[in-house]
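# A look at the structure
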Amino acid sequence: MCLYYGSTYLSTLPELWVRTTENAYLPIHEMVAALGPSLCCAMPFVHSLSGRDTTSYPYFTELSVIDAFAVACLEDTGTYFPSVKRCPGRYLQPCSDAVKRWLRSLKNSGKILLLITSSHSDYCRLVCEHILGTDFEDLFDIIITNALKPGFFSLVPQQRPFRTLVDDVEDGEGLPSLEKPGWYSQGNWPHLHELLKKMTNKPEPKVVYFGDSMRSDMFPACSFGKWETVMIVEEMEGEGVPRANATPCNSPTPTEGPAEKKGKFEDQGMKSPSDVSNQWGSYFVDVQKNEGEETRRLTWCCRSIHTYSTMAIPSIEAIADLPLDFQFQRFSSDKPITTGYYPRPPDSLLKWEENLS
């Protein structure tokens, strides 16, 4: 397979990404963690790259990066996967009881629940068993792993057919269609849409899709699938939005999380990842100072949230205790910019709106 490396220049911070296929990219740290030192040493990656345009360099190996991820987890190789398997509690925090109740109440009310992830089946099972419980499969009607988003939404069935799994290994033959619920690998939105039509007996079933990635979740689900989209924006918690209790009730204290993570940020003098960055500023509003005057503009991230999301929340916990028929406000071009954030807009957007009036 031909690998490409490139750098997208973000202000003064070079970020190295690897192009694995025509429509898929991986951050370098994820690939290094999965492949381990032996494979990585054979690849001609540079330590730093700059320039605003992505450059490419071909390099051939026997394994694609995607295949190597699967092998790394299945064969317990590399650094990341063995560490997570040995001690998942060090890296993963179980979902709160409220989230589990929320999922069960949705299922019991007759809703069809989907789990769509680009993770491979073995890693998905490892994570879900730890955060949701060993019976997590009972919560979902359809589970799709190795979905390779955003291609799952944008590619036609012939390019990305669904595949069945045998002991976490994909069957070599792609399915001509999706006939029944179950656990599948790869796949495409058109075939899933046809299955949902049969399961709901509706010509145009309504889907609400939750995700935290603009590239992999919000944009393709909205643009190609025409789904309602709810973006999980953790940065809202760094701007005055109350933090929901995400810790299971049987944990020692409601805020400490896994024992290994207790005081992780405070003890090291670090801020929470959701706090506003001293270098980059607000996730939602860019403030530029020129000769003593401040100019505020909505960031690309903020504008994209309003364009491709129906609404935004800081976490699933923020809505888990609400009634299923709760009426949320949605983003709209004819409403204030602050409309669509639940439970409230971030501080920077409130201030931005005040300056307009």
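For the structure, see preceding data.
Basis of the calculations
Residues numbered from 1 in each chain as written. Predicted model: local features only at pLDDT ≥ 70, side-chain atom pairs only at ≥ 80, totals over all residues. Heavy atoms only, no water. Helix = DSSP H or I, 4+ residues; strand = E, 2+ residues; numbered from the N terminus. Buried < 20%, exposed > 50% of the residue type's maximum accessible area, 1.4 Å probe, protein only. Contact = heavy atoms within 4.5 Å. Areas by Shrake-Rupley, 256 points an atom, 1.4 Å probe, with all protein chains shown as cover. Salt bridge = Lys/Arg side-chain N within 4 Å of Asp/Glu carboxyl O. Pairing = 2+ DSSP bridges. Right-handed = clockwise from strand over helix to strand, strands pointing away. Polar contact = N/O pair within 3.5 Å; in protein donor to acceptor, adjacent residues only side chain to side chain. Axes fitted to C-alpha atoms, helices over the stretch in contact; angles between N-to-C directions. Phe/Tyr/Trp six-rings, centres within 6.5 Å; stacked < 30°, edge-to-face > 60°. Core = buried A, V, L, I, M, F, W, Y, C linked by side-chain atoms within 4.5 Å. Left-handed = near helix turned anticlockwise from the far one by under 90°. Nonpolar A, V, L, I, M, F, W, Y, C, P; charged D, E, K, R; others polar.

### A few points about the overall build of the chain
In terms of helices and strands, the chain carries eleven helices and 15 strands. Taking all 357 residues of the chain together, the buried fraction comes to 42%. Pairs at least 24 apart in sequence give 63% of the contacts found in the chain among residues at least 6 apart. Of the roughly 20000 Å² of accessible surface on the chain, a fraction of 52% belongs to carbon and sulfur atoms.

### Some remarks on the pattern of salt bridges
Close approach of charged atoms allows side chains with opposite charge to pair. Applying the stated rule across the entire model yields ten salt bridges. The salt bridge involving E294 is made with R296; its shortest N-O contact spans 3.2 Å. The residue R344 makes a salt bridge to D347 at a minimum N-O spacing of 2.3 Å. Residue R344 is classed as partly exposed on the basis of its relative accessible area, which comes to 25%. A single network of salt bridges, built from pairs that share partners, joins K289, E294 and R296.

### Examining the pairing of strand β10 (residues 182–186)
Burial within β10 is extensive, with four of its five residues counted as buried. As paired elements, strand β6 (residues 142–145) and β10 share four bridges and run parallel to each other. Across the sheet, I142 pairs through a bridge with G182, a residue of β10. Pairing geometry for strand β7 (residues 162–163) and β10, over two bridges, is antiparallel. Among the inter-strand pairings, F162 is bridged to a residue of β10, identified as Q186.

### Concerning the pairing of strand β12 (residues 228–232)
The sheet contact formed by strand β11 (residues 208–211) and β12 spans four bridges and is parallel. Looking at β12, one finds that Y209 is bridged to T229. Between the parallel elements β11 and β12, the chain passes through helix α9 (residues 214–223) in a crossover that is right-handed. In the sheet, β12 pairs with strand β15 (residues 311–313) via three bridges, with the strands oriented parallel. Among the inter-strand pairings, V230 is bridged to a residue of β15, identified as M311.

### Quick notes on α9
Turning to α9, its buried residues number three or more, namely M214, S216, D217, M218, P220 and A221. Regarding α9, its N-cap is S213, as a side-chain oxygen of that residue lies 3.4 Å from the backbone nitrogen of R215 further along.

### A closer look at the sheet that holds β12
If you walk across this open sheet you meet the three strands as β11-β12-β15, and the pairing is parallel. The open sheet has two edge strands, β11 and β15, and neither has a second partner. Across this sheet, the average inter-strand angle for adjacent strands is 25°, counted without regard to direction.

### Quick word on the packing of aromatic side chains
Considering all chains together, one arrives at 16 aromatic pairs under this definition. A centroid spacing of 5.6 Å and a plane angle of 85° characterise the contact between W102 and F210, whose relative ring orientation is edge-to-face. With a gap of 108 residues between them, W102 in helix α5 (residues 97–108) and F210 in strand β11 connect regions that are remote in the sequence. Overall, the relative accessible area of 11% leaves W102 in the buried class. By relative accessible area, which is 29% here, F210 ends up partly exposed. Arranged with centres 5.9 Å apart and planes meeting at 70°, the rings of F162 and Y184 form a pair that is edge-to-face. Here the residue F162 occupies a position in strand β7, and Y184 occupies one in strand β10, the gap between them amounting to 22 residues. Judged by relative accessible area, F162 falls into the buried class, the value being 0%. Take Y184: its relative accessible area is 6%, and that puts it in the buried class. Through a chain of ring-to-ring contacts, the aromatic side chains of F152, F153, F162, Y184, Y209 and W227 assemble into a single cluster.

### Focus: the nonpolar core
Ranked by internal contacts, the top residues of the largest apolar core, which has 34 residues, are F152, L192, W227, F284, I305 and Y341. Breaking this core down by element, the ones donating at least two residues are β6, α7 (151–154), α8 (189–200), α9, α10 (300–308) and α11 (347–356). Those residues in contact with I305, other than ones at most four positions away along the chain, are M214, M231, V233, Y283, F284, A312, F331 and Y341. Counting 31 residues, the second-largest nonpolar core is a separate cluster that includes L115, L139, A320 and Y342.

### Notes on the packing of α9 against α10
It is at 10 Å that the axes of α9 and α10 come closest, and there the two elements cross at 35°. Like other packed secondary-structure pairs, α9 and α10 cross with a definite hand, here left-handed. Taking contact as the criterion, the partners of M214, M218, F219, C222 and S223 in α9 are, on α10, W300, S304, I305, T307 and Y308. Classifying every residue of the contact of α9 with α10 gives seven nonpolar, three polar and no charged.

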